[in-house]
Every structure is written in C-alpha cells, then in structure tokens.
Amino acid sequence: MAATSLLTLVPDWAMPALAQGESDVPFTDIPESFNPAPAGSSTRLLDIRKIDGLVTPKDQFFAVQHFDQPAVDPATYRLKLTGMVNQPAEFTIAQLRGMKSMEIAAGYECSGNRGAAMQGLASSGKWTGVPLNALLRHVGVHPRASEVVFFGTDHGTQEVVFRTQTLKLDQQFGRSVTIQKAMRPEPLLADSLNGEPLTRAQGFPVRLIMPGWYGVANVKWLSEIHLQDERYLGNYQARWYRTIRGVGGTAEDGDAATQWVESEVTHMNIKSVIARVTRKASAYQVLGFVLNDGSPVKSVEVKIDDGQWQKAIVDVSDGQYAWKLFRYRWEGAAPGEHTLVARATDANGVVQPEAAALNKRKKTVLEDNSQFPRKVMIS
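Okay, so let's go over this structure. (Residues numbered from 1 in each chain as written. Predicted model: local features only at pLDDT ≥ 70, side-chain atom pairs only at ≥ 80, totals over all residues. Heavy atoms only, no water.)

1. Digging into the overall build of the protein chain
Rules: Helix and strand assignments come from DSSP, with helices taken as H or I runs of at least 4 residues and strands as E runs of at least 2, each series counted from the N terminus. Restricting the calculation to C-alpha atoms gives the radius of gyration, and the globule rule supplies 2.2 Å times the number of residues raised to the power 0.38. To sort residues, take the accessible area from a 1.4 Å probe on protein chains only and compare it with the maximum for the residue type: under 20% means buried, over 50% means exposed, and anything in between is partly exposed. By definition in these notes, contact holds between two residues if any of their heavy atoms fall within 4.5 Å. For the purpose of charge, His is not counted, nor are the chain termini; Lys and Arg are scored as positive and Asp and Glu as negative. Throughout, a charge is located at the NZ atom of Lys, the CZ atom of Arg, the CG atom of Asp or the CD atom of Glu.
Helices and strands together make up the secondary structure of the protein chain, namely five helices and 21 strands. Compactness check: the protein chain gives a C-alpha radius of gyration of 22 Å against a globular reference of 21 Å for 379 residues, within 12% of the reference. In the protein chain, buried positions account for 51% of the 379 residues. Sequence-distant contacts, at least 24 apart, represent 71% of the contacts inside the protein chain between residues at least 6 apart. Side-chain charges of the protein chain comprise 41 positive and 40 negative groups, with the mean position of each set lying 1 Å from the other.

2. Comments concerning the sheet that holds strand E21 (residues 374–378)
Operational definition: Think of it this way: DSSP has to see at least two bridges between two strands before they count as a pair.
One open sheet accounts for four strands, arranged E17-E16-E20-E21; its pairing is antiparallel. Only two strands of the sheet have a single neighbouring strand rather than two, namely strand E17 (310–311) and E21. Alignment of strand E20 (residues 336–346) against E21, held across five bridges, turns out to be antiparallel. From the neighbouring strand, histidine 338 faces E21, where its bridge partner is valine 376.

3. Considerations on the pattern of salt bridges
For clarity, the threshold we go by: For this analysis, a salt bridge means a side-chain nitrogen from Lys or Arg found within 4 Å of a carboxyl oxygen belonging to Asp or Glu.
In the structure shown here, the tally under the stated rule is 14 salt bridges. The shortest N-O distance in the salt bridge between aspartate 318 and lysine 126 comes to 3.6 Å. Here lysine 126 lies in strand E5 (residues 122–131) and aspartate 318 lies in the loop between strand E18 (313–315) and strand E19 (324–330), a separation of 192 residues in the sequence. As a salt-bridge pair, glutamate 367 and arginine 245 come within 4.0 Å of each other at their nearest N and O atoms. In this pair, glutamate 367 sits in the loop between helix H5 (355–361) and E21 while arginine 245 sits in strand E12 (residues 242–247), placing the two residues 122 residues apart along the sequence. Its relative accessible area of 5% is what places glutamate 367 among the buried residues. We classify arginine 245 as partly exposed; its relative accessible area is 24%. Three or more residues are tied together by salt bridges with common partners; here these are Glu147, Arg231 and Glu264.

4. Examining the environment of asparagine 86
Topologically, asparagine 86 is positioned in the loop between strand E2 (79–83) and strand E3 (89–91). What makes asparagine 86 exposed here is its relative accessible area of 51%. With residues up to four places along the chain from it excluded, the contact list for asparagine 86 reads Val139, Gly140, Val141 and His142.

5. Overview of the pairing of E20
Alignment of strand E16 (residues 297–304) against E20, held across seven bridges, turns out to be antiparallel. Bridge pairing in E20 places glutamate 301 opposite arginine 343.

6. Notes on the nonpolar core
Heads up, the rule is: To form a nonpolar core, buried Ala, Val, Leu, Ile, Met, Phe, Trp, Tyr and Cys residues must be joined to one another through side-chain atoms within 4.5 Å.
Core analysis: the largest hydrophobic core is formed by 94 residues, its most contacted members being Trp127, Ile225, Phe289 and Trp330. Here this core takes five residues from strand E15 (residues 283–291), the largest share from any one element. With sequence-adjacent residues up to four places away left out, tryptophan 330 is seen in contact with Val277, Tyr284, Val286, Ile304, His338, Leu340, Val376 and Ile378.

Below is the structure:
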C-alpha cells in the first residue's frame, strides 16, 4: 500500500451526505450568480459544494472542450490505428468492448482550473475500457516509433501564426505522449464511467484516460491513434497548453537572474481545495479534495485565519490516481468571517505553494496549483 500513499487508509470514510441536523455553512467568496451549468452552454463545472463521495456522479462530472461536442454514430464508428504499426487496423465499439477490459479510478482537473471558476473544473470517477498498451501490442509497434498521437473527432478552424503569416486551418484536436508513457499499464481507452457508457459530453463512444495528467491529455471522442518517429506539434500541445517557469536563481532575484523555460502541460501538480464547511450544533467540519500525479500524499493541512497549520484526515481508499478527500474538525469557531486554506504535501517533499510564491516563478495562468483561501461567515 506504500506505493499509493504514506497516509493511513480510512476505507469507511468518505465525504458523507449531510446527517440529520447538519447543514452547510455558505462561502462568502462565491457570488450569488454563480451557475455551474449555465443554460445554452456545453461547459459544465462541478459544484464542489455538493461533493459527498469519492466518485463524482456522471450527471455532475465537469465537461469542457475547445470545439464542439461531436455526435458520433456508434454504428459507423471506427477507431483507427495508423502510422508506425505492424498492422494498421480499425476497431468497432463492439470489438473494443469484446477485448479484456480493466477499471481504474482516476480524477483530473482542467489545467486552467483556478479561483475564478471556483475550482469546479475537476472531478473523479471509475473508468472502464481497454488498456492502451494491449491495443498497441495487438497491432504491433514499429521499433522506431517514439510518439503516440491521439486525435479526437472534434475539429474546427484555427489561426496558426508563423512569423509574418497567419494561416487559417481546419484541424482536429490532438495530443501526444511518448511510446514509453503509452506502454505503461495505466493509460486506458475508456468506454464507460461509473459502470455506464460514456455520455456525449464525456467523450462517447471512446476516450483516452491518462491517470495523473491534466484534463487536456485525456482526449475525448477518440477517432485515431497514430504512431510516428518524431515529435507531434499541434495547437493544443505546442502552443496553447504551455507553461513558462523560472529555473535557477530565486524569486527575489527577479527575471534577470532567472532562466525561463517552456514546458508542455502534462502531469498534474499537487493541489488541495476546500470544498465544503458543514455544521452540526456547535461542531464544524472542513471538507475538501486533493489531486496530483499519483505520487503518494504525505499530508494535508488546514489553517484557520492566522492560526497554525493543523493535520487533516485523508481518505486514499479509491487508489493512487483518484482524488483524495480530506476532513478537518474545526474547534472553537468564533462568530464572524474567517479565512480557511488547505495545503498538501507529497512523499517527495513537494508542498503546494502559496499564490504569491507560485506567481513569481510562473508566467502563465495554466497549472495553477496554489493554495486557495476560502471565506465563510460563522453566525
């Protein structure tokens, strides 16, 4: 179990539904107009104030995309395996479902998930499908293949700027991983979530699940897997989904002493978020979740106002890649407005940073895993 977490498992605890006499304490930092699923929009946020278990219900699972949500005809659907494979092939849904499947619990967030969206671009569920490495072995991988590219059915017109030219091109959504990462046991070609077929918003009929990676890598409406011997360059890999971080020097040295390095958005950085505060009589509970790349979680701590960091109880019973739920019993809550914040630390000693420290070392808005203060009013 040490490979999953350094924390003691709490298998019987999850964020329970409100008990008799228990009520939610409203956050004062959420505008009354906040709507996680606005009418007419295909984007859906998870209202994290309603989290009550390790598995996000399908009808609450967050959904976001760059193009449309394509309506794929299951009768004519084919998943293509092309490029540097020994036997190029196409698979129907029935053929994929007829292969040996596995289930994995995995949570992820959009790499743009941050305070303005109330951290609602995140969810966790149980995915079932064919292991990616099994399908690759089935068709055979050419010895020189080094990159595995995943194309979705969704597409649209994009402007590609190249020096003095601006090109308007119709492009499919695409992402890639190295062959070494593709052949790991975790990546999954999922056709169901929480024991039921994927919905259109969730990527029906088949999608990629990359446990421990940000949402952009989990390609939906999967139409083609292409193997090649060179790096894949696409808008949502080489341009949109990049992070610029400072290397060398210190935050106090400033830009002149820092080397700024661009990297792809891939594995999730450790992050904890306070989702709910509940009250029963005079007792208060602070509840939240942790997402990261699957590294063991060492601890989650909660701080009230200017007090000391206090250890929270963490449930890691849903596995290495699912989100971890935590709770903290808040003693002596005095009337008035309070600021609550959580921070997580992994087994490698990586501590979730404060926003000010992170912003000094990161130039882009993506991968914001900073501590997220919440405000409540105790009456």
